[in-house]
Amino acid sequence: MYRVCRSGWPCSQNSSFKLLHDLVRRTAVPTAVKCVPTVRRFSDNAHTFESMLAGRRAEARRSILVQVSSERSYPELATYCGQFGTIASAHHYCVGGSQQGDEDCHYIVVEFDEPGAADAAIGSAVFNEEKPGVRARSIFLWFRAGPKAKLAEKQPKLGAVEGSRGVDSGELRELLLSAEGVEDQLKVLHRTTCLNDVGKRLRFLAVRQVESSLQGMFPQAVAFPFGSSVNGFGKMGCDLDIILDLDSEANLKQSKSSRLVFHTKAANSNERTQVQRQLESIGDVLQLFLPGVNSVRRILKARVPIIKYHHEHLDLEIDLTMNNMTGVHMSELLYLFGQIDQRVQPLTCCVRRWAQAVGLTNHAPGYWITNFSLTMLVMYFLQQLSEPILPPVNRLFANATRSDLRISEDQISCSFLRDLSKLDFKTTNATPLDDLLLQFFEFYSHFDFNQRAISLNIGASILKPDHSPLYIVNPLETVLNVAKNVNLEETELFRIQVRNALWLLDTHDRATTAAGDEWGLVSLLWNKSTVKERITPQMFFTKRLLNVRDIFDETDAKATATTAPPPATTEYKNRTVQNQVVGIQRATREQIGKMAKHTLSGGESGTSTTNGGGVKLKRNAKRR
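As recorded by an unreviewed UniProt entry, the protein carries the name Poly(A) RNA polymerase, mitochondrial and is attributed to Culex pipiens pipiens.

This is how it looks when you write it as structure tokens:
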């Protein structure tokens, strides 16, 4: 018997790798990854971004999240929930203990066939009388012990066990080493690390919680997920970004014939201040009333005011902002690019994973390149090929219809073609994934970042509008540079690392590598033996080797005047630099010794030296 492992792959109790290695050689995605035993299954391969969002929202509307003791509780839970309606699917996942030694918390997402069944299940729930707290009704429940009932004969199977945990680094390395070639490695890397079905379900449950908590006062409030969670390029464990719109487009379609008008609260004339105050109040609601929400941080003075919080039941870091629909439209554009060709997502996934492995990207904001900028670089590379795989963004703008009209709150036009079936673009490029990866590294190893900027709108490079080290034109807000934060050193580091990657792939081919050695993507992501042979940015940017204080030692002047210099406590990689520092220390000590002797001799001669010193000081003052 096989069960489903935490990554969604089937595995044996005794040996998981044998079956895994057999599965990765197949081109089709294993059914275990899809978590398919469902009555109704929504596919993300939709023609439009909006239809994908609508499908995922409908899933969340039909679902509840129940905490259980373990996955073995599912048969009893399914029997109990079956009284409210037909269960369409169920998915298990774990959240690690908050402290070392704590046991994992187990959860099961139960999706019903109809929204009314989910409402009935929530309506039947009660509050815990033994544990006081804020009594807020929500989709987050727990299954307490009770009298054992007769299990139902027919019930849907559990779709996945530990479905929110990705493959660990060691297991992924073994999977890649067992692949047939670099192209197969790229597919395996994408399948095992991309955001899976369970991860997407959990994120839309978080979106539903935010919406439902505010729709009592704002019936038209809508929370829009954006970024990696929905654009098709997300990985397991990625953060969730949400934009909250309290006055959605549905309000704009109100009837003008009604003579009854709502009274409204006067708003602050400064829109930014108004958003800050609203987010501050929403942060209080999240912290005080919503189950599972903790560690709420309000970052209201940033360029885009934001609220950050952690959801303990979903094991998610969530960023919430308001009135910035341009981010949603940008996610939609990237989603469409990922749907145009099946090679786009695996290639982007590999490039982003490689950038993380070599230290180009960082989870915290800073002057390094971001995953969004890397995605833009991949998109542009696929546009400029002699046989392009992706069209210029301007073609999507040109083919937009009346139904595609979108204007953001900043009066930015986001009107591009949403239905790919109407796109007049077909690629004839049949280059395999492994060749595309090599061409990507080769292309940017020779790109002129000093003079040229990247424009996805025209699918070509242009002269830089300013002196930013890395310039990537924002496809929607063309006056902005999405890589404005990247400094010169990080840009040069990117160029160096793509050359290193090109060399590694060329010298660590499977055909020329001994059995058991690293090859292909493994050499790219895990190779530590060739670090010393790689070019480093220190060759171009000299950093401070030591602090100025390290040159001088706090020792007595009399002792240092006659004794030999103590051994250097600072370790120097360059012998010449070490000799120079020792020489400076010796000369400084000699000068200090001479000054000490002069001061001592002056003190023995009485006031004459002092007076002489005073005259000299006056003369010096006159000269100045």
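What follows picks up the thread again.
Trainee: In this structure, what is going on with the packing of aromatic side chains? I would like to understand it.
Mentor: The geometry of an aromatic ring pair comes down to the distance between the two centres and the angle between the two planes. Applying the stated criterion across every chain yields a total of 21 aromatic pairs. Judged by centre distance (6.3 Å) and plane angle (65°), the ring pair of Trp-354 and Phe-494 falls under edge-to-face. Placement of Trp-354 in helix α11 (residues 344-357) and of Phe-494 in helix α15 (residues 488-507) is noted, with a sequence separation of 140 residues between them. Ring geometry for Tyr-444 and Phe-447: centres 6.0 Å apart, planes at 55°, overall tilted. Accessibility classification places Tyr-444 together with Phe-447 in one group, the buried group. Taken together, the ring pairs connect Trp-354, Tyr-380, Phe-381, Phe-440, Phe-441, Phe-443, Tyr-444, Phe-447, Phe-449 and Phe-494 into an aromatic cluster. Over the aromatic face of Phe-224 sits the side chain of Arg-57, whose NZ or CZ is 5.8 Å from the ring centroid.

Trainee: What am I meant to see in a nonpolar patch on the surface here?
Mentor: Among the surface-exposed residues, Val-134, Leu-288 and Phe-289 lie close enough to one another that they form a single nonpolar patch of about 300 Å² accessible area. Its location among the elements puts Val-134 in the loop between α5 (115-124) and β6 (140-142).

Trainee: What is the right way to look at the sheet that holds strand β10 (residues 306-311) in this model?
Mentor: What links the strands of a sheet is backbone hydrogen bonding, and the strands pair in either a parallel or an antiparallel sense. Pairing is mixed across the open sheet formed by 5 strands, whose spatial order is β7-β8-β11-β10-β9. The open sheet terminates on both sides in strands that have one partner only, identified here as β7 (222-226) and β9 (293-299). If you compare each strand with its neighbour and ignore which way they point, the axes differ by 25° on average. Packing against the sheet, helix α8 (residues 197-214) makes contact with β7, β8 (240-245), β9, β10 and β11 (316-322), and its axis sits at approximately 25° to β8.

Trainee: How should the UniProt feature "domain: PAP-associated" (unreviewed entry) in the protein be read in this particular structure?
Mentor: Cross-referencing UniProt, the feature "domain: PAP-associated" (unreviewed entry) maps to residues 435-467 in the present numbering. Segment residues 435-467 splits into 33% helix and 24% strand. End C-alpha atoms: 33 Å apart.

Trainee: Looking at this structure, I do not really get the sheet that holds β6. What am I missing?
Mentor: Judged by pairing direction, the sheet is mixed, and its 4 strands sit side by side in the order β4-β5-β3-β6 without closing on themselves. Unpaired on one side and paired on the other, β4 (87-95) and β6 mark the two borders of the sheet. Between one strand axis and the next, the sheet turns through 25° on average, direction left out of account. Of the pairings in the sheet, the one linking β4 to strand β5 (residues 105-112) comprises 8 bridges and is antiparallel in character. Across the sheet, Val-95 pairs through a bridge with Cys-105, a residue of β5.

Trainee: What is the right way to look at the pairing of β10 in this model?
Mentor: A regular strand carries its side chains on alternate faces of the sheet. Of all 6 residues making up β10, 5 are buried, and the element is well covered by its neighbours. Bridge analysis of β9 against β10 gives 5 bridges, and the strand direction is antiparallel. For Ile-299, the partnering residue across the bridge sits in β10 and is Ile-306. In this structure, the hairpin formed by β9 and β10 is closed by a connection of 6 residues. Joining the antiparallel neighbours β10 and β11 is a turn of 4 residues, in which Asp-315 adopts a positive phi near 55°.

Trainee: Please explain the packing of helix α6 (residues 169-177) against helix α7 (residues 182-193) as it appears in this structure.
Mentor: Working note: a packed helix pair is described by the angle between its axes plus the distance between those axes. Where α6 meets α7, the axes come as close as 9 Å, and the angle between the chain directions of the two elements is 150°. On the basis of the axis angle, α6 is roughly antiparallel to α7. For the pair α6 and α7, the crossing hand works out as right-handed. Within the contact between the two elements, α6 uses Leu-172, Leu-175, Leu-176 and Leu-177 and α7 uses Gln-185, Val-188, Leu-189, Thr-192 and Thr-193. Of the residues in the contact of α6 with α7, the class split is 6 nonpolar, 3 polar and no charged.

Reading guide: rules and limits
- Residues numbered from 1 in each chain as written.
- Predicted model: local features only at pLDDT ≥ 70, side-chain atom pairs only at ≥ 80, totals over all residues.
- Heavy atoms only, no water.
- Phe/Tyr/Trp six-rings, centres within 6.5 Å; stacked < 30°, edge-to-face > 60°.
- Helix = DSSP H or I, 4+ residues; strand = E, 2+ residues; numbered from the N terminus.
- Buried < 20%, exposed > 50% of the residue type's maximum accessible area, 1.4 Å probe, protein only.
- Lys NZ or Arg CZ within 6 Å of the ring centre and 35° of its normal.
- Patch = residues over 30% accessible without salt bridge, like charges linked within 9 Å, V, L, I, M, F, W, Y side chains within 5 Å.
- Areas by Shrake-Rupley, 256 points an atom, 1.4 Å probe, with all protein chains shown as cover.
- Salt bridge = Lys/Arg side-chain N within 4 Å of Asp/Glu carboxyl O.
- Pairing = 2+ DSSP bridges.
- Axes fitted to C-alpha atoms, helices over the stretch in contact; angles between N-to-C directions.
- Contact = heavy atoms within 4.5 Å.
- UniProt positions renumbered as here; feature names shortened; annotations may be inferred.
- Parallel < 35°, antiparallel > 145°, perpendicular 65-115°, else oblique.
- Left-handed = near helix turned anticlockwise from the far one by under 90°.
- Nonpolar A, V, L, I, M, F, W, Y, C, P; charged D, E, K, R; others polar.

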